[in-house]
Amino acid sequence: MKKTRIFKGSVALASLRTQRGSAGLRLLVVILAIAALWWFRPWEGLFGRPGATRTEAVPRTVAARGSLAEDEQNNIAVFKNVSPSVVHITTLEIARNFLSLDVMQIPRGTGTGFIWDDRGNVVTNFHVIQAGQTARVTLADQTTWKAALVGAFPDHDLAVLRIDAPREKLKPILVGGSRELQVGQKVYAIGNPFGLDQTLTSGIISALNREIESATRRSIRGVIQTDAAINPGNSGGPLLDSAGRLIGVNTAIYSPSGASAGIGFAIPVDEVNRIVPRLIRDGKFIRPALGIQAATKPLQDSLGLPQGVAVMGVVSNSPAHRAGIRPFRRAPDGSLVVGDVIVALNGKPIDSFDDLLNALEQHQAGDTVTLSIVRGDKRLEQPVRLGLPG
């Protein structure tokens with residue numbers, strides 16, 4: 001029994017010595033490999049051996065640039081001239097901390113705007129400020145000012161804010177026209193895409209007289225389409241011609257991903273120049289009234305009436321009532337007597353109630369317009385003096 005234990009102990013000791021010997025051998029192999037790498041240094045075939053002859057290293061000579069191309073110079077000039085007129089708008093909402101009950105303002109969204117005049121009026125999109133309760137306007141010199149809402153016209157996605165900044169800080173934008181714009185004309189957009197302020201993009205006018213939908217689901221017509229990159233945050237910023245004049249207000253993009261896909265839209269400046277002064281003056285856009293109630297499109301189609309606006313009702317003592325516009329009514333025998341159908345205003349065709357509203361927006365209360373109406377089998381021209389909404 002004692003011999004067996006001695007034998008087993010000898011075997012275990014021999015096994016331990018073998019393992020130690022193997023470990024030592026492996027360590028020796030690793031040391032020899034490292035020594036060989038250090039001695040031969042194969043990597044120095046690429047980078048050279050330490051101590052090898054070195055040549056003096058000096059910076060490369062800068063090649064002369066020459067003059068910038070004409071279009072580059074124009075890009076730079078437009079940005080330098082217009083960027084002081086472009087502002088960054090941050091909308092805020094009031095929130096309450098449920099633990100401390102403290103009231104605080106948190107950012108709600110960002111957008112772009114531009115200085116309209118030296119009284120501190122700033123133009124932007126209605127949808128930029130729609131969701132916020134207050135707003136801040138940051139000028140190009142990075143000063144930030146509280147903004148008050150002057151007026152808004154959601155049907156055309158326009159709003160005016162006012163800041164109490166010194167006049168020397170306010171550089172009103174140059175205003176151009178949109179009536180003579182042409183497809184292919186070069187344009188620029190300056191804005192704050194994704195919160196990155198004072199960003200310039202360029203492109204061309206891709207199409208004219210597009211139609212988009214406003215926040216109130218009213219159609220905005222005559223819209224400019226451009227391929228200048230317009231991303232979230234560009235909304236409310238200026239679209240400029242190559243002379244640096246305002247020709248539109250960037251308002252929307254067409255993109256499945258929500259980022260620029262080369263199709264952006266801008267409200268034409270002629271519309272802006274018509275609406276903004278009335279927002280500043282009245283605090284809202286007051287559309288002159290006719291005083292009629294219009295038939296729905298399905299009803300009009302079912303009665304086989306001509307294209308236009310069928311007058312279902314006339315408000316008492318309204319402009320339409322004083323002009324003798326006739327609504328639908330019941331005959332003594334209970335049959336329906338078809339009323340007038342408005343088919344044109346000042347010679348411009350009216351195909352829908354939306355057309356009529358857009359046509360009325362071109363005028364103010366007190367203006368006299370000529371309505372073309374279909375009454376039975378007759379077409380009449382009826383002057384109407386527009387009034388204020390009741």
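The residue numbering used here restarts from 1 in each chain and proceeds along that chain's sequence as written. It should be noted that, the model being predicted, local features are given only for residues of pLDDT at least 70 and side-chain atom pairs only at 80 or more, the latter also being counted only at that level, while totals for whole chains, interfaces and linings use all residues. With hydrogens and water set aside, each side-chain value is computed from the structure's full complement of heavy atoms.

Novice: Lay out the overall build of the chain in plain terms, naming residues and giving numbers.
Specialist: Secondary structure follows DSSP: runs of H or I at least 4 residues long count as helices, runs of E at least 2 residues long count as strands, and numbering of each begins at the N terminus. Looking only at helices and strands, the chain features 8 helices and 20 strands. Burial classes: relative accessible area under 20% of the type maximum marks a residue as buried, over 50% as exposed, and values in between as partly exposed (1.4 Å probe, protein chains only). Of all 390 residues assigned to the chain, the portion counted as buried reaches 39%. Per-residue and other accessible areas follow the Shrake-Rupley method at a 1.4 Å probe size, with only the shown protein chains counted as cover for residues. Accessible area for the chain stands at about 22500 Å²; split by element, carbon and sulfur atoms hold 56% of it.

Novice: Could you give an account of the sheet that holds strand β11 (residues 246-253), with specific residues and numbers?
Specialist: In this scheme, strands are said to pair when DSSP sees at least two bridges between them. Around the barrel, which closes on itself, the 6 strands sit in the order β7-β8-β9-β12-β11-β10 with antiparallel pairing between neighbours. Each neighbouring strand pair of the sheet contributes to a mean axis angle of 50°, computed without reference to strand direction. In the sheet, strand β8 (residues 199-213) pairs with strand β9 (residues 219-226) via 5 bridges, with the strands oriented antiparallel. Of the residues in β9, the one forming a bridge with Glu 213 is Ser 219. Between the N-to-C directions of two axes lies an angle of 0 to 180 degrees, each axis being a line fitted to C-alpha atoms and, for a helix, fitted only over the stretch in contact.

Novice: If you had to explain the pairing of strand β20 (residues 378-385) to someone new, which residues and values would you point to?
Specialist: Sheet topology note: the strand β19 (residues 368-375)/β20 ladder contains 8 bridges and is antiparallel. Across the sheet, the residue bridging to Val 374 is Arg 379, located in β20. A loop of 2 residues connects β19 with β20, the two strands running antiparallel in sequence, and Gly 376 in this loop sits at a positive phi of about 65°.

Novice: Quick rundown of the side chain of Thr 251? Include the residues and the values.
Specialist: Of note, Thr 251 is situated in strand β11. Judged by relative accessible area, Thr 251 falls into the buried class, the value being 6%. Any pair of residues with heavy atoms lying within 4.5 Å of one another is described as a contacting pair. Apart from the residues within four sequence positions on either side, Thr 251 is in contact with Asn 125, His 127, Asp 157, Ile 212, Ser 235, Phe 265, Ala 266 and Ile 267.

Novice: Any details on a nonpolar patch on the surface? Residues and values, ideally.
Specialist: A surface patch of nonpolar side chains, amounting to about 390 Å² of accessible area, comprises Leu 25, Leu 28, Val 29 and Leu 32. Tracing the sequence through the fold places Leu 32 in helix α1 (residues 2-40). Its relative accessible area of 53% is what places Leu 32 among the exposed residues. Like charges within 9 Å and nonpolar side chains (Val, Leu, Ile, Met, Phe, Trp, Tyr) within 5 Å are joined into patches, using only residues over 30% in relative accessible area that form no salt bridge. By salt bridge we mean one thing: a side-chain nitrogen of Lys or Arg within 4 Å of a carboxyl oxygen of Asp or Glu.

Novice: With reference to specific residues and values, describe the pattern of salt bridges.
Specialist: In total, this model carries 19 salt bridges according to the counting rule given. Where Arg 65 meets Glu 72, a salt bridge forms, and the shortest distance between an N and an O atom there is 3.1 Å. Glu 213 is the salt-bridge partner of Arg 217, the closest N and O atoms lying 3.5 Å from each other. When its relative accessible area of 63% is taken as the criterion, Arg 217 is described as exposed. When its relative accessible area of 47% is taken as the criterion, Glu 213 is described as partly exposed. A network of salt bridges, in which partner residues are shared, links Asp 155, Glu 211, Arg 218, Arg 221, Arg 287, Asp 354, Asp 355 and Glu 361.

Novice: An account of the nonpolar core is requested, with residue identities and associated values reported.
Specialist: Buried Ala, Val, Leu, Ile, Met, Phe, Trp, Tyr and Cys residues form a nonpolar core when they are joined through side-chain atoms within 4.5 Å. The biggest cluster of nonpolar side chains holds 24 residues, and the ones touching the most others in it are Trp 116 and Val 272. Listing elements by their share of this core, those giving two or more residues are α3 (70-82), β5 (144-153), β6 (158-163), β7 (186-191), β11 and α5 (269-282). Here this core takes 6 residues from α5, the largest share from any one element. Each residue touching Trp 116, except ones within four places of it in the same chain, is listed here: Asn 121, Val 122, Val 123, Pro 172, Val 175, Leu 246, Val 272, Asn 273, Val 276 and Ile 280. Judged by nonpolar contacts, the second largest core, of 18 residues, contains Leu 360, Leu 371, Ile 373 and Leu 386.

Novice: Run through unusual backbone geometry, naming residues and quoting values.
Specialist: Here the phi dihedral of Asp 157 falls at roughly 55°; this positive angle occurs in a residue that is not glycine. Following the sequence through the fold, Asp 157 ends up in the loop between β5 and β6. Residues other than glycine seldom take positive phi values, yet Asn 317 does so here, at roughly 60°. Examined against the element boundaries, Asn 317 turns out to sit in the loop between β14 (309-314) and α7 (319-322).

Novice: Help me get a handle on the environment of Ser 178, residues and values and all.
Specialist: Inspection of the secondary structure puts Ser 178 in the loop between β6 and β7. Along the backbone, Ser 178 and Val 269 are 91 residues apart, and their C-alpha atoms lie at a distance of 5.7 Å. For Ser 178, the contacting residues outside a window of four places in its chain are Ile 247, Pro 268, Val 269 and Asp 270. Engagement of the side chain of Ser 178 in a polar contact is seen with the backbone nitrogen of Asp 270, the distance being 3.1 Å. Polar contact criterion, stated in full: a pair of N or O atoms within 3.5 Å, where within protein one must be able to donate a hydrogen and the other to accept it, and residues adjacent in sequence count only if both atoms are side-chain atoms.

Novice: Tell me about the environment of Ala 310, and name the residues and values.
Specialist: Structurally, Ala 310 is set in strand β14. We classify Ala 310 as buried; its relative accessible area is 0%. For Ala 310 and Ala 295, which are 15 residues apart along the polypeptide, the C-alpha to C-alpha distance reads 5.4 Å. Those residues in contact with Ala 310 that lie beyond four places of it in its chain are Gln 293, Ala 294, Ala 295, Gln 300, Leu 305, Phe 328, Asp 340 and Val 341.

Novice: Can you break down the pairing of strand β4 (residues 134-138) residue by residue, with the values?
Specialist: Strand direction decides the pairing type here: β4 and β5, joined by 4 bridges, are antiparallel. Among the inter-strand pairings, Ala 135 is bridged to a residue of β5, identified as Ala 147.

Novice: Residue-level account of α5, with values.
Specialist: Helix length check: α5, at 14 residues, gives a terminal C-alpha distance of 20 Å against a target of 20 Å (1.5 Å per residue), a fit within 8%. Within α5, burial applies to Val 269, Glu 271, Val 272, Arg 274, Ile 275, Val 276, Arg 278, Leu 279 and Ile 280. Among the structural elements, β3 (121-124), β5, β6, β11 and β12 (264-268) are those in contact with the buried residues of α5. Of the residues trailing α5, Gly 283 is marked for its positive phi of about 80°. The length a helix should cover is 1.5 Å for every residue beyond the first.

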